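Survey of secondary and tertiary structure
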Amino acid sequence: MRKMMFLLVTIGLLAAATTVRAEAEWDGGLKLWYAEPKVADRALMYGAAGRVELDDHFWVRGFYLYGDYDFVRSSEPRRVQDFGLHDAELIAGMHHDIFHFGFGARWMAVLIEEDLGDQSRVRRPNAFGPALVAGATQSFAEWPWGFEGSPWGWYAEATWMFYDVESDDGEHINFAAGVTHVSHGIHKSLGYRFKETFDHERMEGFTAKLLFAF
């Protein structure tokens, strides 16, 4: 059921994108998150990201990240947990001056493999649901900075998945902020990202994105 819902949301957003404007600007590339769960060592999450600028006001974007984590719960007896974390979203929205707002869907899944010595256990908590986005991005060439011709800028954004369709209490908030650099059709960003899940541990770490214009 959740896969069907995610597919329907994806089709709906893409259909809206193609009907608003045929000559859209497309960007695609890589997204990284060097995240640190409070229960495990820091590990690299990686995946694909894309964005469609429909005109000066509307946009659609999405990404998918995956990462592995290892956590030794105890040495005597040895108890090891392996975490596989999926993190994805698909959002459509609009610009207003330096601000942007959006609505879409987020999905987060954890594959937990626990070694109990002579036996093992696998758990798969999932979270899927609607999400709201609000943020701002600006070039340092604009007022009030005034660095004429500068390719550098800044961004800050919050994403709130306010309802978990899976009923696993997976509602969460993401917040990220950092700097951007745009030149020769290449969009680069470097920042720091927090994920606060209401009934789980917080994750945080440096994040980077590299997008190429098509």
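Sequence positions are assigned chain by chain, starting from 1 and proceeding in written order. Under the rules for a predicted model, residues below a pLDDT of 70 receive no local features and side-chain atom pairs below 80 are neither given nor counted, while totals for whole chains, interfaces and linings still include all residues. Note that the side-chain values use all heavy atoms of the structure and ignore hydrogens as well as water.

**Describing the overall build of the protein**
Each helix is a run of DSSP H or I of at least 4 residues and each strand a run of E of at least 2, with the numbering of both proceeding from the N terminus. Within the protein one finds 1 helix and 11 strands. Reading the secondary structure of the protein in the N-to-C direction produces α-β-β-β-β-β-β-β-β-β-β-β. Within the protein, the proportion of its 214 residues that are buried is 38%. Put simply, 55% of the contacts in the protein that link residues at least 6 apart link residues at least 24 apart. Only protein chains enter the calculation, and the probe is 1.4 Å; a residue is then buried if its accessible area is under 20% of its type maximum, exposed if over 50%, and partly exposed in between. Any pair of residues with heavy atoms lying within 4.5 Å of one another is described as a contacting pair.

**Quick look at the environment of Val179**
Counting through the fold element by element, Val179 comes out in strand β9 (residues 172-183). Judged by relative accessible area, which is 35%, Val179 ranks as partly exposed. Taking the C-alpha atoms as reference points, Val179 and Thr137, separated by 42 residues in sequence, lie 9.1 Å from one another. If near-sequence neighbours (up to four positions away) are discounted, Val179 is found in contact with Trp152, Gly153, Trp154, Tyr155, Lys188, Ser189 and Leu190.

**Regarding a nonpolar patch on the surface**
Residues qualify for a patch when their relative accessible area is over 30% and they have no salt bridge, like charges being joined within 9 Å and the nonpolar side chains of Val, Leu, Ile, Met, Phe, Trp and Tyr within 5 Å. Surface exposure here means Shrake-Rupley accessible area, sampled with a 1.4 Å probe, where a residue is shielded only by the protein chains that are shown. Salt bridges are counted wherever a side-chain nitrogen of Lys or Arg sits within 4 Å of a carboxyl oxygen of Asp or Glu. A contiguous nonpolar patch, built from Phe103, Leu132, Trp160, Phe162, Tyr163 and Ile173 and spanning about 550 Å² of accessible area, is present on the exposed surface. Secondary-structure assignment places Phe103 in strand β5 (residues 99-115).

**Re the pairing of β9**
Should DSSP find at least two bridges between two strands, the strands are regarded as paired. In terms of strand pairing, strand β8 (residues 152-161) meets β9 through 10 bridges, oriented antiparallel. Counted as the bridge partner of Trp152 is His181 from β9. In this antiparallel pair of consecutive strands, β9 and strand β10 (residues 186-197), the connection spans 2 residues, and His184 shows a positive phi of 55 degrees.

**What to know about the nonpolar core**
By nonpolar core is meant a set of buried Ala, Val, Leu, Ile, Met, Phe, Trp, Tyr and Cys residues that side-chain atoms within 4.5 Å join together. Core analysis: the largest hydrophobic core is formed by 21 residues, its most contacted members being Trp33, Met45, Tyr69, Leu85 and Met203. Of the residues forming this core, the biggest block, 4 residues, is contributed by strand β3 (residues 58-75). Excluding its chain neighbours within four sequence positions, the residues that come into contact with Met45 are Lys31, Leu32, Trp33, Leu65, Tyr66, Gly67, Tyr69, Leu85, Asp87 and Met203. Counting 5 residues, the second-largest nonpolar core is a separate cluster that includes Val52, Leu54, Val60 and Leu90.

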